[in-house]
Structures are given as C-alpha cells and as structure tokens.
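Spelled out, the chains give:
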Amino acid sequence: MLEVIDLTVAYGPVVALHGVSLTVADGSMTAVLGANGAGKTTLVRTISGLTRPHGGSIRLDGRDITRLAPDAIARLGVAHVPQGQGVLAELTVDENLRLGGLWRRDPGGQRHALAEAYDLFPRLASRRHLAAFSLSGGERQMLSVGRALVARARVLLLDEPSLGLARLVLVQIMARIRALVTERGLTVLLIEQNAKSALSVADEGIVLHLGKVVARGRAQQLLSEERLRHAYLGF
Amino acid sequence: MVAVRSRADRLVASTLRRHLLIALGAAVVLLLLSAQIGAYDDYNLTAVAIFAVAAAGLTLLTGLNGQLSLGHGALMAIGAYTTSLLLKDHRQLPVIVVLLISVVSAGVIGIAFGYAAARLRGPYLAGATLTLAVALPQVATRYKSIFGGESGLTVPPSAPPDWLGADFPPERWLAWIAVAAAVVTMLLLANLLRSAPGRAFKAVRDNEAAAALAGIDVARTQVLAFVISAACAGLAGALFAYWSGITSPAGFSLSLSLQLITAIVIGGLGSLAGAVWGSIVLVFVPLLTSGLASSVHLPSAVADNLPLAIYGGILVIAMLVAPHGIQGALRRILAIGRARREHTPGGGQKGVVDWDDPAPGT
C-alpha cells in the first residue's frame, strides 16, 4: 500500500504541492488528473525520491520512505516510469531491461522476469540488441514498463504514458498494465492529462488543481460528475 | 520465443569463452611477434602495452562512466613510485608481487579520490583531476629524501628467469611481462563491462536520474569506476617504471595525462579495442614523424618541432574524418559491408511489423 500524507513541495517560492494526501491500495490503480502545472509530475518525483518534500510523508506498506535516496526507493519495489525519458538511450534494449534486476541476487528469478517482460512485449524481443535510442516512443514506454517488471516492482508510478503515443499503442500498453494489476496485485499510480481514458482503466481518481486535491472518488463516479468534467477535466 | 531465449542464453554463456579465446590468441600472436623483432621494437611493443593498460582504465572511467579525468598520469606516478620504492629496499622481489602491490596502492588512492570525484561533475571534475596531475609530481620534488627529488629513483631491471637461457634479451622479457599484464587487464575489463557493473557504469553515464530510478547507487558506481580505473593506471605506472628504468616527476607531467585522453579519443571513446588503437597511435606516430623529419635534412630548430606539428595535424584530421575514433571507423566500414550484403532482394531490411508479432527469426 502506498500512502502519501499531507505532502508539501516547493521549488523556491513556488509551491507545487500543498498538503496532498492519497492512498493507493495493493492491486489497484489510481489516476491522478489535472492540467499542466497542477503538480502531477512533482507528486511522482517526490514519491520516487527525485524531489525532496518540505513537509508530509510517504509510506510504503507502513514504512516511511520519505527521506530515502531514489535508488533505495527503487530497490524497495517502487518503479517510476518518467515522461518519455525512462530508458537509457545508449544501452541496448536487453541491457535496459537487465538494469531492472541489477541489484538482485537471484539469477534464476532474474532470467525468468526477463523472459516474462519479453513475453509481455514481444516487440521488445525483436529489438533486443538495438540501442534504445533507435526505438519508437511506444517501444520506449514498453521498455520502461518492462524494466519495472524485471525489477519486480510492486508499485508502478506512470507519468503520462499517453504523451506522444498513438492511441492504439497506448490502449495496448494500458491493457497489459491493467491485467498485471488484477492478476498480480500490482499497485499503480497513473498520472494523466487525458482524464477520460485514465479514468476508464483506473479504480480511483484524484484531481489536482494548482497543487491541491480538488476532487477524489471512484473512477466511474468522477467520470459522471458534470461539474468536475467542465471545470478541471475538459471533456 | 523459446528460440530467442535459448539463443540469448548461449550468447551469455559464451561471452566469457569468447573473451578468453581472443585474449589467448592475442597473447600467442604477441609472444611470437616479440621473438621475431629486435630489442628496439620489443621496447616499443612494451610501451604500447603499458599505454594500453592505462588507456583501457581511462576508457572505463571516461568513455563508459562519463567521468573525465585529466589526472591519470598522476595515478600512473603512484604505481611507478610504489614500484621504485619497493625495489629500492627489496631488489629481489618478484615482478608479479611488485605489480600487484602497485595496483593496490593506486587503487587505494583511487578510493579517496573517487569519493571526491563522485561529488563533482563535468568541468569541475576535470579541474579537480587536473590539480592532481599538476600537484602530485611536486610531492616527489618536495620530499627529496624519500622520492629522490627531480632526479628521481632508479629502477633495477627485472632479469629474465634462468630457464629462458642466459642470453635471453631483457627487452623481450619486459615485453612479455607488459603484454601479459595488458592481456589480463583487457580480459578482466571486457568481462566486467559485459556484466552488471558494466551496465551500471553506462547507465550512470547516460542519465544519472534514470539510473537512480532503476535502483542504481550512482555515487557508489562512480567510486567503483574510479577505483578500477586508478588500479589500471597503477599497473601501467609500475610497468612504466620497469620500462624507463627511472621514476622522476618529469616522466609524469600533465602532458602524459593529456596523451592518455588523446589516445582514448582517437582510438574510439568507450571501447577497449579503441584504447589499444589509441596506444598504438600514441607510440608509433611520434616515431614515424620524427623519422620523417630527420630524413629530410631540415635545420634542427624545425626538425625538432616537426614531429609534434605532424602529430597535431594527424590528430586534427583523425577527428574530422573519424569523429568516433579508429574503432568507430572500423565498425562503420564493417556495417557498410554487411548492409551491402544484406541489401540483396529478400535481405534483412527493416520493415513494418505488426504490433504484437515479433519480427520472425530475430
């Protein structure tokens, strides 16, 4: 279970997040929605340790991870898939995937996880020995997610996977992630601007506006709220 | 899918075997070569091997981990002075012991410096390592009684073992030692780079934040790269001491550090083979240019500076023609050749593949 409690983050005088709290239960997906500048990316960067909060705390299964270094948080099973930049361009697809299991001491389990990632995204298997910079946007996104799987991530932080992706590709990636949530109990925090499609796969939704939570609830319920749709979600 | 996986497993399993075979082949060829050439060329072969060891270490640090060091000459000096001091008091110490102790001492200094380096980036790191290159030789000058000041310490040559016969040339013996050291270094580094630490080095070089998100301890990875690189420089320095017979501050000037950088850039940044090419260029191009300059009977003021001018010209042209170094150029030539063969009808051209289907047979 991932808990964010009263989180406040500021860049100099600019407050990006203002007392944000949320909980993502094991085996569920929560969508964080909001316009540009709402604080969505700051939220995931703070959870994964790349940005330091000014106040509040973050807990993973009850353990406080607020002050841990990014690599330590990653090793606890929190995988951050950043906006289109999660892959290491100069490394091959295979090397990128293996990075996910770098600190693991069970070669057998790692091989199995690697094979699983290739099974999930067969497209990657055919690109195995190509450098990641030669991949398309969709393939890079698959690679990022695949690496999180090789790392045996329990919590996946997806930052705008829709950015620059064809709709069909996105739908396929999201369907696979949804399956992992249901079948394996993966916990996902999905950051999206495209509220409609995010809410169609997520269990819960949270709407951020200028660093504050302005609405939260079941995904279906948010989808149907006329006022919210017009004010924040734009559809 | 099954075919893909088993092929990959075989590839992983055979990487070590392939590296071992290449190393063995290189060692045999070089040993045979050393027996065919005279003492002077053995001497130059030794120099190439020494530079290759240092350049390979620098390749790991600068080419593969992205940390620019302008102070590797100083790390070589640590190896060289360790060797000289050891031999001053214990003339009979076996070569292998001397080399290992020199590697360890440079490695230990590398730990201390690696921690500082891991906090610095880009030009700041270059500046700090530059300081090392400038300051360290001064220590030898300052503490004359230990390090022998400007005139340095003499290093007794390593005598060839008795079983090689009484008239075995000492130059060839030293060439064997240096080649063996270089081959072992290359073998260890090549395997390291193909395993988890190698991937971590490259990941940190490419994007520190992304590497951290993948669970890599960035600072520790950088320190590790620095230590391994320093250990290589220490080994090269120890061999350098045997090779030159004297260890003095002048032998480890800033220009040595810059020459090493030049070697890895010309050879091809980030490739071990490139480090070897660069070392060959570093040793033989000055020899060629000085031969050329002396053959045309110029006044000595011109002839003395001509080798350096030609050398500089070659560097400029090399960077223009082959920006990815010699190894990069070789790879490109090979790739063009392969592409020509495959562009016959039905050849392996990239095409549009259905989303869910992997390209058949690849």
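Heads up: the structure comes first, above all this text.
The paragraphs below set out a description of the structure included in this document. Since the structure is predicted, the reported quantities are computational estimates derived from the model, not experimental observations.

What follows covers the overall build of chain A. Helices and strands together make up the secondary structure of chain A, namely ten helices and ten strands. A compact globule built from 235 residues would reach a C-alpha radius of gyration of about 18 Å, and chain A, at 17 Å, matches this within 12%. Looking at chain A residue by residue over its 235 residues, the buried ones come to 47%. Expressed as a percentage of contacts within chain A between residues at least 6 apart in sequence, the contacts between residues at least 24 apart total 69%.

Inspection of the secondary structure puts A:Arg111 in helix α4 (residues 107-120). Separated by 13 residues in the primary sequence, A:Arg111 and A:Arg98 place their C-alpha atoms 9.0 Å from one another.

Next up on the list: the sheet that holds strand β5 (residues 63-64) of chain A. Residues and elements named next belong to chain A. Taken in spatial order, the four strands of this open sheet run β2-β1-β4-β5, and their pairing is antiparallel. A strand with exactly one partner marks an edge of an open sheet, and here the two such strands are β2 (14-24) and β5. Judged from the five bridges that link them, strand β1 (residues 2-11) and strand β4 (residues 55-60) form a sheet pairing that is antiparallel. Bridging from a neighbouring strand, Thr 8 pairs with Gly 55 of β4.

Once that is clear, we can look at the sheet that holds strand β3 (residues 29-33) of chain A. Residues and elements named next belong to chain A. One open sheet accounts for six strands, arranged β6-β7-β8-β3-β9-β10; its pairing is mixed. Both outer strands of the open sheet, β6 (78-81) and β10 (212-218), are each paired with one neighbouring strand and no more. Here the average twist between neighbouring strands, direction ignored, is 15°.

Glancing now at the packing of helix α7 (residues 170-193) of chain B against helix α10 (residues 218-244) of chain B. All names here are of chain B. Relative orientation of the contacting elements α7 and α10 amounts to 175°, with a least axis distance of 11 Å. The pairing of α7 with α10 is recorded here as roughly antiparallel in orientation. Of α10, the residues touching α7 (which contributes Leu 174, Ala 178, Ala 181 and Thr 185) are Cys 232, Leu 235, Leu 239, Tyr 242 and Trp 243. Partitioning the contact of α7 with α10 into residue classes produces eight nonpolar, one polar and no charged.

Reading the values: the criteria
- Sequence positions are assigned chain by chain, starting from 1 and proceeding in written order.
- Note on labels: chains are lettered from A, ligands numbered from 1, in written order.
- Where local features are concerned, this predicted model is filtered to residues with pLDDT of at least 70; where side-chain atom pairs are given and counted, the filter is 80 or more; whole-chain, interface and lining totals use all residues.
- Secondary structure elements follow DSSP: runs of H or I no shorter than four residues count as helices, runs of E no shorter than two count as strands, and numbering proceeds from the N terminus.
- Throughout, radius of gyration means the C-alpha value; the globule benchmark is 2.2 Å times the number of residues raised to the power 0.38.
- Here a residue counts as buried when 20 or more other C-beta atoms sit within 10 Å of its C-beta, as exposed when there are 12 or fewer, and as partly exposed otherwise, the C-beta atoms being derived from the backbone.
- By the criterion used throughout, residues are in contact when their C-beta atoms, derived from the backbone, lie within 7 Å.
- Paired strands, in this sense, are two strands between which DSSP finds at least two bridges.
- Here an axis means a line fitted to C-alpha atoms, over the contact stretch when the element is a helix, while the angle between two N-to-C directions is reported on a 0 to 180 degree scale.
- Working definition: roughly parallel below 35 degrees, roughly antiparallel above 145 degrees, roughly perpendicular at 65 to 115 degrees, and oblique for all remaining angles.
- Residue type decides the class: Asp, Glu, Lys and Arg count as charged, Ala, Val, Leu, Ile, Met, Phe, Trp, Tyr, Cys and Pro as nonpolar, and the leftover types, Gly among them, as polar.

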